Amino acid sequence: MRIGILGGGQLARMLALAGHPLGLQCVFLESAPEACAAPVGRLVTGAFKAEAALADFAAAIDVVTTELEHVPLAALEYLAQRRPLLPGSRAIALAQDRLLEKDLFRRLQLPTAHCVAVDTLEELVCAMAETGLPAVLKTRHMGYDGKGQVVLRETADAAAAWRAVGGVPCLLEAMVPFDREVSVIAVRSREGECRFWPLTENRHRNGILSVSRALLQDPLQMLAEDYCRRLLEALDYVGVLALELFQVGDSLLANEYAPRVHNSGHWTIEGAVTSQFENHLRAVAGLPLGATDARGAAAMINFVGQVPERRELLAVAGAHLHLYGKRPAHGRKLGHATLCAVSSALLEQGVRTVLQLTQYREKESALD
Ligand SMILES: Nc1ncnc2c1ncn2[C@@H]1O[C@H](COP(=O)(O)OP(=O)(O)O)[C@@H](O)[C@H]1O
Ligand SMILES: [Mg+2]
């Protein structure tokens, strides 16, 4: 079976690597010929807006899925008319617009931060009175890795914040004083069976995910699964979905969802019985889902901008290295390590060592 993937980045690459042993071939639609997924599947080079490229892509595949949420709706519609698109275009479209996404959360009675739609500077000033300060101004469209966001601390920040986001339609959100950030990664089959991996705790650096830890038997697991199941069912979802949440005491607030495999689920490659990548392919291919249990304590560390020395990284007990084959650039995700351990104490020791190796590399490259 040939699985078409919209995008040819590291998520597409890891999907293709998971599909290979199952006899599933991946075909990527991507405009960059040097895309990092290219060595592990077939690349159809072209823009999502180019009808000839969409036609070539559709002819080369049996089913289509995405590694990105920011795909033009016209491309999704074109492909959905020709091949099964999983997840469907509604699930992808709602995730492209923070306002529609938050409206959906509210309809499903998932708690969220207090938020207000803002289309002008005047509306922003009124919205600040509603949400209170501090607050986060977020563009409705095209935000990722903290981009398209500005924190407002006082009323006087309004004009500069509005300029900084480019005066486009936005959402103003009350700043949540969260205890921690967690995500729940789920998979739903074509028949509607849902499975959930253990919750993951996420720490960010400069707006980009830095470290994820699997939370084994967390007291909030059931609540997160309940929220996520409502979303999966409302969207009639097929494949892997990630729901990002803020934990405040015993409650969870829904922040956003990703209609795709997610960076906070990378630990599942070695840390779970079945990885998010394999289960996503199983779901879209109409195959039975695999078990989502953790094998033990696990964590993931992202390599952003630079990668530690391979020899040193692989000398850390329980460390597994994933390099994406991308040219290094500031702020670019180049790879990650999964750490597996028999106890959380040993896991934390490994995480500390890998972070030290990463920071050492950062200091070195700053001197280059
Ligand atoms: N309302 C909020 N309160 C507190 N922190 C927030 C809020 N919204 C976003 N953040 C912080 O900014 C990060 C990125 O925001 P998010 O909405 O997830 O956008 P994206 O991941 O698409 O860039 C979050 O992971 C969180 O650390
Ligand atoms: Mg996010």
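Here the structure is a predicted model, which means the values were calculated and not measured.

## Looking at the overall build of the protein
Tallying secondary structure elements over the protein gives twelve helices and 17 strands in all. Taken over the C-alpha atoms alone, the protein extends approximately 55 × 50 × 45 Å along its principal axes. By residue count, 54% of the 368 residues in the protein fall in the buried class. Taking all contacts inside the protein whose residues are at least 6 apart in sequence as the whole, residues at least 24 apart take part in 61%. Of the accessible surface of the protein, which amounts to about 15900 Å², a share of 52% is contributed by carbon and sulfur atoms. Each charge class in the protein can be summarised by its mean position, and for the 37 positive and 41 negative side chains these summaries are 4 Å apart.

## Thoughts on unusual backbone geometry
A cis amide bond, omega -5 degrees, links Leu86 with the succeeding residue Pro87. Residue position: Pro87 is located in the loop between α3 (73-80) and α4 (89-95). Omega for the bond connecting Leu133 with Pro134 falls within 30 degrees of zero, at 0 degrees, which places this linkage in the cis form. Inspection of the secondary structure assignment puts Pro134 in the loop between α6 (121-131) and β6 (135-139). Even without a glycine there, the phi angle at Asn206 is positive, about 55 degrees. Note on placement: Asn206 falls in the loop between β11 (200-205) and β12 (208-214). Taking the relative accessible area as the measure of exposure, Asn206 reaches 75% and is therefore exposed. A positive phi angle is found at Asp236, which is not glycine, with a value near 45 degrees. A relative accessible area of 55% places Asp236 in the exposed class.

## Structural notes on the sheet that holds strand β8 (residues 170-174)
In spatial order, the strands read β5-β8-β6-β7; together these four strands make up an open sheet with antiparallel pairing. The sheet is open, and its two borders are formed by β5 (115-118) and β7 (149-152), each paired with just one other strand. Within the sheet, the average angular offset between the axes of one strand and its neighbour, ignoring direction, is 20 degrees. Where β5 and β8 come together, four bridges link them in antiparallel fashion. Counted as the bridge partner of Ala117 is Leu171 from β8. Contacts between helix α5 (residues 98-107) and the sheet are confined to β5, β6, β7 and β8, with β8 contributing the most and set at about 50 degrees to the helix. Each of β5, β6, β7 and β8 touches α6; the most contacted strand, β5, lies at about 175 degrees to it.

## Here's the deal with the coordination of the magnesium ion (ligand 2)
Around the magnesium ion (ligand 2), the protein contributes the donor atoms Glu244 (OE) and Glu256 (OE), which lie 2.0 to 2.2 Å from the metal centre. Taken together, the positions of Glu244 in strand β13 (residues 239-248) and Glu256 in strand β14 (residues 251-258) put the pair twelve residues apart, joining distant regions of the chain. Judged by relative accessible area, which is 17%, Glu244 ranks as buried.

## Topic: the packing of helix α1 (residues 10-19) against helix α10 (residues 276-284)
Where α1 meets α10, the axes come as close as 8 Å, and the angle between the chain directions of the two elements is 75 degrees. Considering their axes alone, α1 and α10 lie roughly perpendicular with respect to each other. Only Phe277, Glu278, His280 and Leu281 of α10 make contact with α1, whose side of the interface consists of Leu11, Met14, Leu15, Ala18 and Gly19. Class assignment for the residues of the contact of α1 with α10 results in six nonpolar, two polar and one charged.

## A closer look at the layout of surface pockets
The gaps of empty space that remain are located by a probe, the size of a water molecule, rolled over the atoms. In this model, the second largest pocket occupies a volume close to 410 Å³. What lines the second largest pocket is a set of 18 residues, and nearest its centre among them are Arg205, Asn206, Val304, Gln306 and Glu362. Of all the elements in the fold, those that place two or more residues in the lining of the second largest pocket are β12, β15 (297-304) and α12 (344-367). Sorting elements by how many residues they give to the lining of the second largest pocket places α12 first, with four residues. Across the lining of the second largest pocket, the residue classes break down as seven nonpolar, nine polar and two charged.

## Some thoughts on the pairing of β6
Of all five residues in β6, five are buried, a share of seventy percent or more. Side chains of β6 alternate between two faces, with Ala135, Leu137 and Thr139 and Val136 and Lys138 buried alike. Where β6 and β7 come together, four bridges link them in antiparallel fashion. Residue Ala135 lies in a different strand from β7, and its bridge partner there is Leu152. The pairing of β6 with β8 spans five bridges and is classified as antiparallel. Pairing of Ala135 across the sheet is with Ala174, part of β8.

Criteria and cut-off values
- Residues numbered from 1 in each chain as written.
- Chains lettered and ligands numbered in written order.
- Predicted model: local features only at pLDDT ≥ 70, side-chain atom pairs only at ≥ 80, totals over all residues.
- Heavy atoms only, no water.
- Helix = DSSP H or I, 4+ residues; strand = E, 2+ residues; numbered from the N terminus.
- Buried < 20%, exposed > 50% of the residue type's maximum accessible area, 1.4 Å probe, protein only.
- Contact = heavy atoms within 4.5 Å.
- Areas by Shrake-Rupley, 256 points an atom, 1.4 Å probe, with all protein chains shown as cover.
- Lys, Arg positive; Asp, Glu negative; His and termini not counted.
- Charge placed at Lys NZ, Arg CZ, Asp CG, Glu CD.
- Pairing = 2+ DSSP bridges.
- Axes fitted to C-alpha atoms, helices over the stretch in contact; angles between N-to-C directions.
- Donors = N, O, S within 2.8 Å, 3.2 Å for Na, K, Ca; no water.
- Parallel < 35°, antiparallel > 145°, perpendicular 65-115°, else oblique.
- Nonpolar A, V, L, I, M, F, W, Y, C, P; charged D, E, K, R; others polar.
- 1 Å grid on protein atoms, 1.4 Å probe; cavity = no way out; pocket = protein on both sides within 12 Å on 5 of 7 lines; lining within 4 Å.
- Points joined across faces, edges and corners; volume = space filled by probe spheres on them.

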